[in-house]
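Tertiary structure, described
So the chains spell out like this:
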Amino acid sequence: MRSHKDTPAPTLSYQVVSSPLKAVETGHKVRMDLIKKSKLRYHRGQKSMEKYLVSPEPSPAKSRTTVRRPWKRSLIEVNGRLDSAYRHELYSRVAHSYSEIGKFSHFYHLNENPCITHMMQIQSLYQCPTMRGVAGLDFDNRGIFLVSVTRSGCLMVHDFESLYCQSKLGPGSAEDESKHVVHFSYPPGREFDVARWNPSNQNEVACTSRKHDQVLIFDISYMSPKPTEVLQTRQKLSIIGRKISRGLSDVAITSDEDSRIFSPDTLGMVHVWDRRAGVSPCIELSTDRYDSIKSIQIYVDNQTIFGAGKEGIIHIWDLRGGRNSSAFQSRKDVSLTRGELELAMAMSQLPLASLHLAPKLQKIASLKAQSEIVPKEIHSIDVNPSSPHQLAFHLDDGWSGVLDIYKSEVTHVHCPPPAWLDGSNSSADLILRKPSWLPTSSIYVVGSMSEKGIHVLDFHPSSRSPCHVDYDEDTQRNEKRDKCNHRNKFVSLSETVTGCAAHPLNGMIVAGTQNSSLLLIAQMHCSSSSETAEGEL
């Protein structure tokens, strides 16, 4: 064997570089070769791995972001409630689209003979019309039935759905009288001025007249022309011993179960009956002055009473005591002698407050500068169902407004032109005009005094209302608000209106006229031709 010592040593070869510059170039080429070889190996490896990779989807093009206005109804879907401003705008648009869609003349028969109102209508064609016109209208709580009374002596209960379906048949179509729920006709001398449903018993209707001192209560389920109950006022004698005659101008019934009934007379007293105690009044509310009460309203608490009269004063009573709380004690709970009982019965409950409208209207500078404000007779007052602190009033000259009972201030007023400008003499009519609130959005409808139609008034509590005393037209225009949503509207009708009643659910309006007709005011029906065309498609 050969040892490692005998193995020859490796020989190293060296390239002799002639110059330093050439050595630099040679090193650069070597580096470039290494770079190319590394890139080649990288690309070969990348290509071999591509078959195991999923190619990414191309990125979408960048979309331009657009700024959109917030959806008004988003809160409705989240909370299930309408915003008050949106609700007001919505119902204002609906009310502004109203027009007369049906007319129901009072040419009805009983036992194949014309009723008393029908006969009066025929007589009015040949002589001066007297004792005619619809005097009272009222819907029940659910809007199923409508009661109406005429000054001629007819009491009727209509099925509202039948009236609405009849209006679809067009003008001139004969009405089916068999669909009348109740129709009572009374001889001359038994006229009616007011009719009200009993809120706690929707089968009962209470009626009064300014020529009689009785409250007649009819139960329509009995289908009898005789009242089921007659409430009497206490008789009062004059100095010479004659009975003082006084009629009852209005009637109101509490919504709780005890069914207390209030009715003011033409001598300034408000009689209060508790039907469990008998047919005679248990309390008599009076004013601190002689003032014939024309209209009465019960506040939502069933304890506060509002009464408006001929002197332009709104009286307020509180049944929980007021100034003489002993007057509200039950006669059975207090043991009195005969003299003390007569004295207690003679005592009257004075109002908690009496608000004069004329001085409050004079505080409105713009109104005072344009007209002379004097005390005027109040025809009607109504509590706003959507804002109970608003008490609407209607005066004998056609003015309407709102009294804020919290502030004791007039916040809204509407002053149409007087009737004498166009030669009208509607003020001579003895029927008191009776407006009505729509169930929502603070819209007030009232019959015109000088024209055939109704005023649809926006009495919204905010200053956006065109009837608000602080309404600024320039400011509203600058804010670019839609003027059609915040304005009043006049709806032309075929006859002169004496009273209005609004449906408690859908807001449709039924108006009674001087010719004893009923006018249905709502949105127009779809035409039959368009319905047929859509059906064919």
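Residues numbered from 1 in each chain as written. Predicted model: local features only at pLDDT ≥ 70, side-chain atom pairs only at ≥ 80, totals over all residues. Heavy atoms only, no water.

**Considerations on the pattern of salt bridges**
By the definition in use, this model includes 17 salt bridges. Of the charged contacts, one joins Glu-495 and Lys-103 as a salt bridge, the two residues approaching to 2.9 Å between their closest N and O atoms. Placement of Glu-495 in the loop between strand S27 (489-492) and strand S28 (497-502) and of Lys-103 in strand S1 (residues 99-104) is noted, with a sequence separation of 392 residues between them. Among the salt bridges present, the one from Arg-320 reaches Asp-301, with a minimum N-O distance of 3.3 Å. You can see Arg-320 sitting in the loop between strand S18 (313-318) and helix H6 (338-346) and its partner Asp-301 sitting in the loop between strand S16 (293-298) and strand S17 (304-309), a full 19 residues away along the chain. In this structure, a network of salt bridges that share partners links the residues Arg-151, Glu-191, Asp-193, Arg-210 and Lys-211. (Salt bridge = Lys/Arg side-chain N within 4 Å of Asp/Glu carboxyl O. Helix = DSSP H or I, 4+ residues; strand = E, 2+ residues; numbered from the N terminus.)

**What to know about the sheet that holds strand S21 (residues 390-395)**
As summarised here, the arrangement of the 4 strands in space is S20-S21-S22-S23, forming an open sheet in which the pairing is antiparallel. Each edge of the sheet is formed by a strand with only one pairing partner; in this case those strands are strand S20 (378-383) and strand S23 (409-414). Between one strand axis and the next, the sheet turns by 20° as a mean value, whatever way the strands run. Here strand S22 (residues 400-404) pairs with S23 via 5 bridges, running antiparallel. Bridge pairing in S23 places Asp-404 opposite Glu-409. (Pairing = 2+ DSSP bridges. Axes fitted to C-alpha atoms, helices over the stretch in contact; angles between N-to-C directions.)

**Focus: helix H3 (residues 84-96)**
With 13 residues, H3 extends 18 Å between its outermost C-alpha atoms, agreeing within 8% with the 18 Å of an ideal straight helix rising 1.5 Å per residue. Turning to H3, its buried residues number three or more, namely His-88, Ser-92, Ala-95 and His-96. All buried residues of H3 fall inside an arc of 90° around its axis, so they share one side. At its buried positions, H3 is contacted by strand S25 (443-447), strand S26 (453-458) and S27. (Expected span 1.5 Å × (residues − 1). Buried < 20%, exposed > 50% of the residue type's maximum accessible area, 1.4 Å probe, protein only. Arc of directions from axis to C-beta. Contact = heavy atoms within 4.5 Å.)

**Some details on the packing of aromatic side chains**
Given two aromatic rings, their pairing is described by the distance between the two centres and the angle made by the two planes. What the rule picks out here adds up to 9 aromatic pairs. Between the aromatic rings of Tyr-186 and Phe-192, the centroid separation amounts to 5.6 Å while the plane-to-plane angle is 75°, which identifies the pairing as edge-to-face. Each of the two residues, Tyr-186 as well as Phe-192, counts as buried. Between the aromatic rings of Tyr-444 and Phe-459, the centroid separation amounts to 5.6 Å while the plane-to-plane angle is 25°, which identifies the pairing as stacked. Separated by 15 residues along the polypeptide, Tyr-444 in strand S25 and Phe-459 in the loop between S26 and helix H9 (473-478) bring together distant segments of the chain. Taken together through their ring pairs, the aromatic side chains of Phe-184, Tyr-186, Phe-192 and Phe-218 make up a single cluster. In this structure, Arg-190 is placed above the aromatic ring of Tyr-186, and the distance from its NZ or CZ to the ring centre is 5.5 Å. (Phe/Tyr/Trp six-rings, centres within 6.5 Å; stacked < 30°, edge-to-face > 60°. Lys NZ or Arg CZ within 6 Å of the ring centre and 35° of its normal.)

**Re the confidence of the model for the protein**
Across the protein, pLDDT averages 79, with 72% of residues at or above 70. Across the protein, the element-wise mean pLDDT spans from 40 in helix H10 (residues 528-536) up to 96 in strand S24 (residues 436-437). Predicted confidence for residues 1-5 stays below pLDDT 50, and this span has 0 contacts to residues more than four positions away or in other chains. In the model, residues 323-348 has pLDDT below 50 throughout and makes 25 contacts with residues more than four positions away in sequence or in other chains. (pLDDT = per-residue confidence, 0-100.)

**Observations concerning the environment of His-96**
Position of His-96 among the secondary structure elements: in helix H3. Classification of His-96 as buried rests on a relative accessible area of 13%. Considered as a pair, His-96 and Val-456 are 360 residues apart in the sequence and their alpha carbons are 7.7 Å apart.

**Looking at the side chain of Asp-219**
By secondary structure assignment, the location of Asp-219 is in strand S10 (residues 214-219). No salt bridge is formed by the buried Asp-219, whose closest oppositely charged neighbour, Arg-275, lies at an N-O distance of 7.7 Å. For Asp-219, the side chain forms a polar contact with the side chain of Ser-221, separated by 2.5 Å. (Lys, Arg positive; Asp, Glu negative; His and termini not counted. Polar contact = N/O pair within 3.5 Å; in protein donor to acceptor, adjacent residues only side chain to side chain.)

**What to know about the sheet that holds S18**
Strand order in the open sheet formed by 4 strands is S16-S17-S18-S19, with antiparallel pairing between adjacent strands. Lying at the two open borders of the sheet, with one neighbouring strand each, are S16 and strand S19 (353-356). Geometrically, the sheet is characterised by an average inter-axis angle of 20° between neighbouring strands, direction not taken into account. Pairing of S16 with S17 involves 5 bridges; the strand directions are antiparallel. Pairing of Ile-293 across the sheet is with Gly-309, part of S17.

**Overview of unusual backbone geometry**
A positive phi angle is found at Met-223, which is not glycine, with a value near 55°. Tracing the backbone shows Met-223 in the loop between S10 and strand S11 (229-232). At Ser-516, a residue that is not glycine, the phi angle is positive and equals roughly 65°. Tracing the backbone through its elements, the reader meets Ser-516 in the loop between strand S29 (509-513) and strand S30 (518-522). Under the relative-accessibility criterion, Ser-516 is labelled buried at 2%.

**Some details on the environment of Arg-210**
Here Arg-210 lies in the loop between strand S9 (201-208) and S10. Each C-alpha atom, one on Arg-210 and one on Arg-246, is 7.4 Å from the other, the two residues being 36 residues apart in sequence.

**Some details on the environment of Ala-358**
One can find Ala-358 in helix H7 (residues 357-362). On the accessibility criterion, Ala-358 (10% relative accessible area) is buried. Separated by 15 residues in the primary sequence, Ala-358 and Ile-373 place their C-alpha atoms 6.3 Å from one another.

**Structural notes on helix H4 (residues 116-123)**
Considered for burial, the residues of H4 that qualify are Ile-116, Thr-117, His-118, Met-120 and Gln-121. On its buried side, H4 packs onto strand S2 (109-110), strand S3 (113-114), strand S5 (145-150), strand S6 (154-159) and strand S7 (182-185).

**Here's the deal with the side chain of His-503**
Here His-503 is to be found in the loop between S28 and S29. Look past the residues within four positions of His-503 in its chain and what remains in contact with it is Phe-139, Arg-142, Gly-143, Phe-160, Pro-439 and Met-508.

**A few points about the pairing of S26**
Taking burial as the measure, the 6 residues of S26 include 6 buried ones, the bulk of the element. Here S26 shows a buried face lined by Gly-453, His-455 and Leu-457 and a second buried face lined by Ile-454, Val-456 and Asp-458. Alignment of S25 against S26, held across 5 bridges, turns out to be antiparallel. The partner of Val-445 across the bridge, within S26, is Val-456. The loop that links S25 with its antiparallel partner S26 comprises 5 residues.

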